[in-house]
Amino acid sequence: MLVIEALVDKVIELDNQIFLLKIHCPEIANSIKPGQFLNVRVSENIYPLLRRPFSICNVEGDYFYLMFNVFGEGTKILASKKYGDSIDILGPLGNGFNYIGDYDTAVIVAGGLGAAPFPYLIKKIEKGKNIISFIGGKTYREVITHEMKNISIATDDGSLGFKGNVVELLNEHLELLKKNKIKIFACGPNSMLRALKEFCLINNFECEVSTESAMACGFGICQGCPIESTKNQDKYLLVCKDGPVFNVRDIII
Amino acid sequence: MNIVDLSVQVGPLNFRNPILLASGTVGYGNEMSEFLDLNKIGGIVTKSLSLKPRKGNPPQRIVETPSGMLNAIGLANVGVEVFLKEKIPFLKKYDVPLICNIAASTIEEYVECTKILTEEEAISAFEINVSCPNVKEGGLQFGNDISAVGKITEKVKSVTRKPVIVKLSPNVSYISEFAKIVKQEGGDAISAINTLVGTAFDINTRKPKIKNVTGGLSGPAIKPVALAKVLEIKQKVDIPIIGIGGIMNWKDIIEFMIAGSSAIQIGTLNFINPAAPIEMLQSLESYCMKNKIEKISQLTGSYQI
Ligand SMILES: Cc1cc2nc3c(=O)[nH]c(=O)nc-3n(C[C@H](O)[C@H](O)[C@H](O)COP(=O)(O)O)c2cc1C
Ligand code: FES
């Protein structure tokens, strides 16, 4: 965990107003794990004041990528970064996915910008394992397939792929999923994660989810990012420190 | 030997420099230690402790606002017992004054916490939080009540020999009236200010952006208010003041000292740049040298009004 001034290499615009920020920073690129995140100071000024958390999207040598859409003041500034600009990064933060283990098929489930952590995870999953991806969005505009593998798509309005949500799409493939020893890795809006949790409990699937929360510090000192725990209801877990990745059975979504 | 003497005195307490880390913005020190050498800062104030662990408020607890943030953490903390067992051992490894902040729902609870904690040698002083805006009982209910603040000061003082600092709320008409009663009842210093009550709405859902509806505003947005409160206390009451509110850089520290602070605390900035306190020490020294100030404490209350 460190604070570091890194250098922007470039901003790449994917389709649909989704951006990748490529940053040169060996210290982070060489130590970060899939599912971890970085807290980025987008401006030196006091507005926006707080850092913004971003999942690590991918790593290539001494470079890493963040994925974002232009949503507010902070991301607008990020989208305007140029080669050579410096950017203040705090991280690596959080725990990351447990992708090494006893399963033969990794099932990626992403809703909207929940696609962000998966290019790096997919890269890191060992060669012998299968990877299949289920990607959802409200409309085709929200579907992000960047560097995903074996893709099936669901949209709420049916504008692309299966008409319905991504968990309903998983249900369509239930037979296939049950045939393999799968582990699900998911990230997306809470409504999706909630439905996914139920689906995993019913079918007894292993599942890790990357959760989101408002954050101030990102490293455990502000208590701003609580999430309810199933094991101990007298105490919240912290998304930034105990997560952002949780076994879906350990949290109440 | 430093050319400039950065050490300051706050009543009976000595700090190697005026920079302390504010309650609720450093946890119990361990995470911060990854970013800065705790031995180099003036002091650490713990997250508010209560007698029993507190779960705190449900999410969403925080939201950014223009040049500030609202929080309604609800005093989530491990409680006095776990603090002594699990948190103090880490802090003991450092040679840095440790101030225990206490928050409670009843006067008896303040007393009980102090009684237990005062036995611990590693604790240098207490900061009594009578100003948390985010809990139903205690907090501002006390912070708005002069006689309650007086009574809490008196009772806490009666069970400890350690210095007692009372942390006041800015959500009152005359903060100096509160400082006056703290002094009368034997309090050693004032911390000012805690957060200001604020709120924010989502214009699409028309719901408050934080679950608790209101929260405490902190960050640079509150600095002018904090400075005015420090000045008011300085002008009306003879008691040492620890200035808090929106400090983002070394110039802000100087400003707080000019307005009457003997020391200061850094809060929200710890979330943004946890290494900032160390970076600022150097600048404080340069400022003093340039202005031929031998002891930084000479700045306290040096306003030219
Ligand atoms: C997330 C957060 C949690 C806080 N928790 C406490 C607390 O437990 N006890 C307390 O006395 N003050 C607490 N405070 C108030 C700070 O100590 C400080 O008085 C206030 O934030 C103003 O300073 P700043 O503008 O530098 O942050 C908290 C502030 C923040 C932002
Ligand atoms: S964001 Fe501060 S504790 Fe999690």
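Note that the coordinates shown come from a computational prediction; the quantities given were computed from them, not determined experimentally.

## Side note on the environment of I18 of chain A
Residue and element names in this part refer to chain A.
Okay, so step 1: Following the sequence through the fold, I18 ends up in strand 2 (residues 18-24).
Okay, so step 2: Given the relative accessible area of 6%, I18 is considered buried.
Okay, so step 3: Considered as a pair, I18 and Y65 are 47 residues apart in the sequence and their alpha carbons are 13 Å apart.
Okay, so step 4: When sequence neighbours within four positions are dropped, the list of residues in contact with I18 reads I12, E13, M67, F68, N69, L113 and I144.

## Concerning the domain arrangement of chain A
Residues and elements named next belong to chain A.
Okay, so step 1: Split into domains, chain A comes out as domain 1 (2-93) and domain 2 (105-210).
Okay, so step 2: When each unit is reduced to the centre of its C-alpha atoms, the spacing between domain 1 and domain 2 is 25 Å.
Okay, so step 3: Contacts between the two partners involve 16 residues from domain 1 and, on the opposite side, 15 residues from domain 2.
Okay, so step 4: Counting the surface lost from both domain 1 and domain 2, the interface buries some 1,300 Å², and carbon and sulfur atoms represent 63% of this.
Okay, so step 5: Broken down residue by residue, the surface that domain 1 buries against domain 2 is led by P34, N58 and M67, which jointly contribute 39%.
Okay, so step 6: Seen at the junction of domain 1 and domain 2, the total is zero salt bridges.
Okay, so step 7: Here domain 1 and domain 2 share five residue pairs in polar contact (both at pLDDT 80 or more) between them.
Okay, so step 8: With six residues, the single largest contributor to the side of domain 1 that touches domain 2 is strand 4 (residues 52-60).
Okay, so step 9: The class makeup of the residues in the side of domain 1 that touches domain 2 is ten nonpolar, four polar and two charged.

## A short note on the sheet that holds strand 14 (residues 263-266) of chain B
Residue and element names in this part refer to chain B.
Okay, so step 1: Around the barrel, which closes on itself, the eight strands sit in the order 3-4-7-8-9-10-13-14 with parallel pairing between neighbours. Adjacent strand axes in the sheet meet at a mean angle of 25° when their direction is disregarded.
Okay, so step 2: Where strand 8 (residues 123-129) and strand 9 (residues 164-167) come together, four bridges link them in parallel fashion. Residue pairing in the sheet places I128 in a bridge with V166 of strand 9.
Okay, so step 3: Where helix 2 (residues 107-118) meets the sheet, it contacts strand 7 (98-102) and strand 8, and its direction lies at approximately 170° from that of strand 8.
Okay, so step 4: Across the face of the sheet, helix 6 (residues 223-236) comes into contact with strand 10 (189-192) and strand 13 (241-244) while running at roughly 165° to strand 13.

Calculation rules
- Residues numbered from 1 in each chain as written.
- Chains lettered and ligands numbered in written order.
- Predicted model: local features only at pLDDT ≥ 70, side-chain atom pairs only at ≥ 80, totals over all residues.
- Heavy atoms only, no water.
- Helix = DSSP H or I, 4+ residues; strand = E, 2+ residues; numbered from the N terminus.
- Buried < 20%, exposed > 50% of the residue type's maximum accessible area, 1.4 Å probe, protein only.
- Contact = heavy atoms within 4.5 Å.
- Domains from an automatic or database assignment.
- Buried area = accessible area lost by both parts, 1.4 Å probe.
- Salt bridge = Lys/Arg side-chain N within 4 Å of Asp/Glu carboxyl O.
- Polar contact = N/O pair within 3.5 Å; in protein donor to acceptor, adjacent residues only side chain to side chain.
- Nonpolar A, V, L, I, M, F, W, Y, C, P; charged D, E, K, R; others polar.
- Pairing = 2+ DSSP bridges.
- Axes fitted to C-alpha atoms, helices over the stretch in contact; angles between N-to-C directions.

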